[in-house]
Structures are given as structure tokens and as C-alpha cells.
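What follows is each chain in one-letter form.
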Amino acid sequence: MSHVAIVGGGWAGIAAAVALADAGHDITVFEMAPQLGGRARSVAGEPPYDNGQHILIGAYRDSLALMRRLGIDPNAVLKRLPLALPYPGEPGLQLPPGPPLIAFARGVLAQHGWPLSARLGLLTAAGGWLARGFRCDTRLSVAELCARLPAAVKRDLIEPLCVAALNTPAPQASAQVFLRVLKDALFSGAGSADLLLPRRPLSELLAGPATAWLGERLRLASRVQKIEPCWRVDGEAFDGVVLACTSVEAARLTADIAPAWSATAGALGFEPIITVYLSSPGSALPAPMLALREGPDAPAQFVFDHGALGGAPGRFAFVVSGAAAWVKRGGCAEAVLAQAQRELSWATPPVIDKVLTEKRATFACTPGLARAPARIAPGLWAAGDYIAGPYPATLEGAVRAGLAAAQGVGAEAGMAAKGAASGSPTNTP
Ligand SMILES: Cc1cc2nc3c(=O)[nH]c(=O)nc-3n(C[C@H](O)[C@H](O)[C@H](O)COP(=O)(O)OP(=O)(O)OC[C@H]3O[C@@H](n4cnc5c(N)ncnc54)[C@H](O)[C@@H]3O)c2cc1C
């Protein structure tokens, strides 16, 4: 049996740990924080806050399977809603149930908030993307890809979807990655576009059950300082290692042993997300999630009603994605409060409850971005939402990277363990 170290216990590390253990490997998970979950964790409060509002979609196949594997029923912890982008006072785009292509066409044609020419323009563009297999020039930005779409479609659909999925504003966001998200969400199986909104604190979705499942194989509050070849983690010998920490930490840990990989991982830029929680006892939104129109004095693109999601009544999470300009400018929470007062109706005056700013929420998903590959060296693999792949930084991207790393390192660590038993080690970088 081989012994594999997993460094980092976010969704990527948890996915890798479970897959490796299920394949019969002995595992040890090192997590520097006092809890698992990484960026998708709860933050102290009564009830707990989420470290940023998270949305899953029906297409998150591997994340949902991982939850089930750990005994979590996705239907119990997530509220499934057909994709809809209502704005205050406007129904917005709503996808009816049914086969994806037909549902998309019907939903767009029924969006009477847009002129008929805009609806037909979107359907024509989507038909073109479909015909080209959702591929485009990798140097294109989302703004360039959609330049000829009607302004209302860009404002009400493309720009909010882009910043929500890629956490990068359309003029800077990769069109190729955006098309891949559209393909998987809107044009794969029935229900793949459904929104899955957490109805329990974020840590209960995966991290809490994973903590119990790992038991003594988990070392919390253990920040790995050094990785040495063949492989030693802070001096302790393993047959293989999965680096499931952040790209910044992975770059630090590999600087001496794999400088080229380290340089690629370390070169990523980041985009912040600011989550502003407002409190307004007795208030409720017309839907659990509303889209908002972003503007120079209106930072938030979405708002979530936690009371409607089974959380704290009167708690509202306003999401400011692609928030670099607001981090620089300051005053985001006050601007969100003013936006909320202008655009929504309240039973009691809303007040700022909590502000969470994640400066490195996700990597900036720009055109032609060089992302580090999963394999660093024989027996040393990386997992995380930033690893080369078709997805932007998402829970599903992290889980899939964890599964891929587990498969790769599992095979190599197994060979190394056999080699060590026969006196000829095989994991030499
Ligand atoms: C505010 C916000 C909102 C988001 N919204 C969404 C959303 O709606 N939908 C969606 O799909 N995704 C969303 N994301 C992205 C999603 O949270 C991430 O893609 C995902 O959590 C990344 O998981 P990971 O395991 O790759 O990395 P991380 O979660 O960053 O995990 C890395 C772990 O490694 C640990 N670590 C680092 N260094 C070391 C070390 N040296 N030793 C030991 N441990 C170490 C860290 O403590 C951390 O726990 C959001 C992110 C943020 C911040």
C-alpha cells in the first residue's frame, strides 16, 4: 500500500483524498487552517456566514457525486431552481423545463423585456457557437466575442453571467472559457443549467462531513513548509504528494524542485470578490436570487435572500464579483447599501451586517492564460481550481482537478511503493 500526502483541504484536496482512499491508498491530509473547506468555508456568526455566497449548477456532476460519497444528500443542502435571472421588478430570462436547446430557445423568445430583434440576435449567435462546437480563438475576450450582440442582451445576460462564472469582467475575460461554461450549463443534459443554492452553511456542504470521514488521517492547523524530492513533506516520507493548496503556496513549495512549474503557477493574477451582508428584519426579496444592474455607483451584480434559502431570515448577501476597482476605491459596502435602498423594497431599513473581502478570490480568467499542468514531477501532482483545464475557478473545477491528480499520483505512488519494497525507488524527478 502506498502512502500519499495531500497538502491543502479545500474542495480539490478533499476530492483527491477521498478518491485516493477509495482506491486503497493510505492518505494524510495537511491543512494549515483550523478547518477544512478552503475558500468554500463558513465564517463565524449566528448562524454562520458563508465566506462569500456560492452558487452551484446542475452541471457540477463531480461535486455532487463527491457530496453523495460523503453521505450528503445534495437535495437536502441545496435548493434547486430552474435558471432564471430576474431583476427587481422584471421577470428577466427564465428557462422552462425540458431538453436544453429547446428550453433555451423558448426561454429567450419569451423574454419580452428584450425587443424581438435582440432575442433573435441572441439565438443566432448561440446557434453559431453551437455550430462551432463552442470553440473560438483563444485570444478573444468575452466582450469581443459578443461585440455584435444587442446591448440589452449584453447588459442583462452576458455581462452578469460572465462576471458570475469567471469572476472577470467581460472586456478582460476569456471567451473560450466562457463558451465552455455556456456549453456545459446550457447545452448539456436536462437540469444542467439549474441553479443549486446552498440552504445550509457552506461548511456543511462538504468540509464538515469530510472532517468526520477523514478522522485521524487529517492534520488541521498544519502548514506544510517544505517539500523535498522522492518525497518528503516537512521531513516525513511519502510515496506521492498532491499539492492541493493555493497556487501561491504551490509555487512557493515547488520553487526549488520544479522552478518552471512554480513560475507558471506563481504568475497567475487574481480577481477579488466582496460580499456585503445587509440585515433587514422582516424583509424578503421576491425571489431567492435577484440580478442587479452594476454601474459606477452600484457595485453588486446579485443579491441572495438567506431567509428564503432556509438560513437567517432578514439576512441578504450582495455579491460584488470582479471587484478590483472597488477594493482600490473603497466604500463598497456603503455603495451596496445605497444601491439596495434605491433598487429594492424593505420592510425595515437595511443596515450593513458584515463585509467579507477575498482579494484572491479566484485567478483572473483572461484570454490565452497559461495555467500550470497537474503533473509537476513523477509522484508530485497539483490540484486546485487554477490547474490547466477548461473551467474557470469554480468548485467543480477544483473537484475535477482533485480527481485527476488522485488518479495520476495514485498510479505513480503505487509504482514507487512497489519499487521501494523491491529496493529500486521509481519517483525520481
Ligand atoms: C467569495 C467567493 C465566492 C465564490 N463563488 C463561487 C461560486 O459561486 N461557485 C463556484 O463554483 N465557485 C465559487 N468560488 C470559487 C471556489 O470557492 C473555489 O474555486 C474553490 O473553493 C477552490 O478550491 P481549491 O481546493 O482549489 O482551493 P482552496 O479552497 O483555496 O483550498 C486550498 C487549501 O489549501 C490550504 N493551504 C494553503 N497552503 C497550505 C500549506 N502550505 N499547507 C497546508 N495547507 C495549505 C488552504 O488553507 C486551503 O484550505 C468563490 C470563491 C470565493 C472566494
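Whatever comes next refers back to the structure up there.
In this text, all values refer to a predicted model and were calculated from it rather than measured experimentally.

1. Some details on the state of the cysteines
Enumeration over the complete set of coordinates arrives at zero disulfides. Between Cys230, a free cysteine, and Cys245, which holds the nearest cysteine sulfur, the sulfur-to-sulfur gap is 19 Å. Here Cys365 is not disulfide-linked; the sulfur of Cys162 is the nearest cysteine sulfur, at 8.3 Å.

2. Quick notes on the layout of surface pockets
Considered as a void within the structure, the second largest pocket measures approximately 280 Å³ in volume. Residue lining of the second largest pocket: 18 residues in total, with Ser174, Gln176, Val177, Gly389 and Pro390 positioned closest to the centre. Tallied by class, residues from the lining of the second largest pocket come to seven nonpolar, seven polar and four charged. Both domains that furnish three or more residues to the lining of the second largest pocket are identified here as domain 1 (3-71 + 201-268 + 368-421) and domain 2 (83-193).

3. Some details on the packing of aromatic side chains
Inspection of the entire model under this criterion finds three aromatic pairs. When the centroid spacing of 5.0 Å and the interplanar angle of 65° are considered together, the rings of Tyr49 and Tyr277 count as edge-to-face. With Tyr49 in strand S4 (residues 49-50) and Tyr277 in strand S15 (residues 270-279), the pair connects residues that are 228 residues apart, well separated along the chain. Across the pair, exposure class does not vary: Tyr49 and Tyr277 are buried alike. Aromatic pair Phe316 and Trp346: ring centres 5.0 Å apart, planes at 85°, arrangement edge-to-face. Of this pair, Phe316 sits in strand S18 (residues 315-320) while Trp346 sits in the loop between helix H13 (332-343) and strand S19 (351-363); the two residues are 30 residues apart in sequence, bridging distant segments of the chain. Directly above the aromatic system of Tyr277 lies the positively charged group of Arg315, at a separation of 5.9 Å from the ring centroid.

4. Brief notes about the pairing of S18
Across the six residues that make up S18, a large majority, six, are buried. Burial along S18 is two-sided: the residues Arg315, Ala317 and Val319 and Phe316, Phe318 and Val320 are all buried. Looking at chain direction, S15 and S18 are connected through six bridges and run antiparallel. Residue Tyr277 lies in a different strand from S18, and its bridge partner there is Ala317. Examined bridge by bridge, strand S17 (residues 302-305) and S18 share four bridges and lie antiparallel to one another. What sits directly across from Asp305, in S18, is Phe316.

5. Some details on the sheet that holds strand S13 (residues 236-237)
Here three strands make up an open sheet; going across it, the order is S11-S12-S13 and the pairing antiparallel. Only two strands of the sheet have a single partner each, and these edge strands are strand S11 (227-228) and S13. Relative to S13, strand S12 (residues 232-233) runs antiparallel, the two being bridged by two bridges. Following the sheet pairing, Val233 is matched in S13 by Glu236.

6. What about helix H10 (residues 247-254)?
Across the eight residues of H10, six count as buried, placing the element largely inside the fold. Regarding H10, the residues found buried are Ser247, Glu249, Ala250, Ala251, Leu253 and Thr254.

7. Things to note about the pattern of salt bridges
Here the structure, examined in full by the defined rule, presents 17 salt bridges. The shortest N-O distance in the salt bridge between Asp137 and Arg139 comes to 2.7 Å. Taking relative accessible area as the criterion, Asp137 reaches 34% and is therefore assigned partly exposed. Judged by its relative accessible area of 66%, Arg139 falls in the exposed class. In this structure, Asp156 engages Arg293 in a salt bridge whose closest nitrogen and oxygen atoms are separated by 3.0 Å. With Asp156 in helix H7 (residues 151-166) and Arg293 in the loop between strand S16 (289-291) and S17, this pair connects stretches of sequence that are 137 residues apart. Take Asp156: its relative accessible area is 6%, and that puts it in the buried class. One continuous salt-bridge network, built from bridges that share partners, spans Arg61, Asp62, Glu396 and Arg400.

Conventions adopted
- Residues numbered from 1 in each chain as written.
- Predicted model: local features only at pLDDT ≥ 70, side-chain atom pairs only at ≥ 80, totals over all residues.
- Heavy atoms only, no water.
- Disulfide = S-S within 2.5 Å.
- 1 Å grid on protein atoms, 1.4 Å probe; cavity = no way out; pocket = protein on both sides within 12 Å on 5 of 7 lines; lining within 4 Å.
- Points joined across faces, edges and corners; volume = space filled by probe spheres on them.
- Nonpolar A, V, L, I, M, F, W, Y, C, P; charged D, E, K, R; others polar.
- Domains from an automatic or database assignment.
- Phe/Tyr/Trp six-rings, centres within 6.5 Å; stacked < 30°, edge-to-face > 60°.
- Helix = DSSP H or I, 4+ residues; strand = E, 2+ residues; numbered from the N terminus.
- Buried < 20%, exposed > 50% of the residue type's maximum accessible area, 1.4 Å probe, protein only.
- Lys NZ or Arg CZ within 6 Å of the ring centre and 35° of its normal.
- Pairing = 2+ DSSP bridges.
- Salt bridge = Lys/Arg side-chain N within 4 Å of Asp/Glu carboxyl O.

Interpretation in functional terms is not warranted from these geometric data alone.
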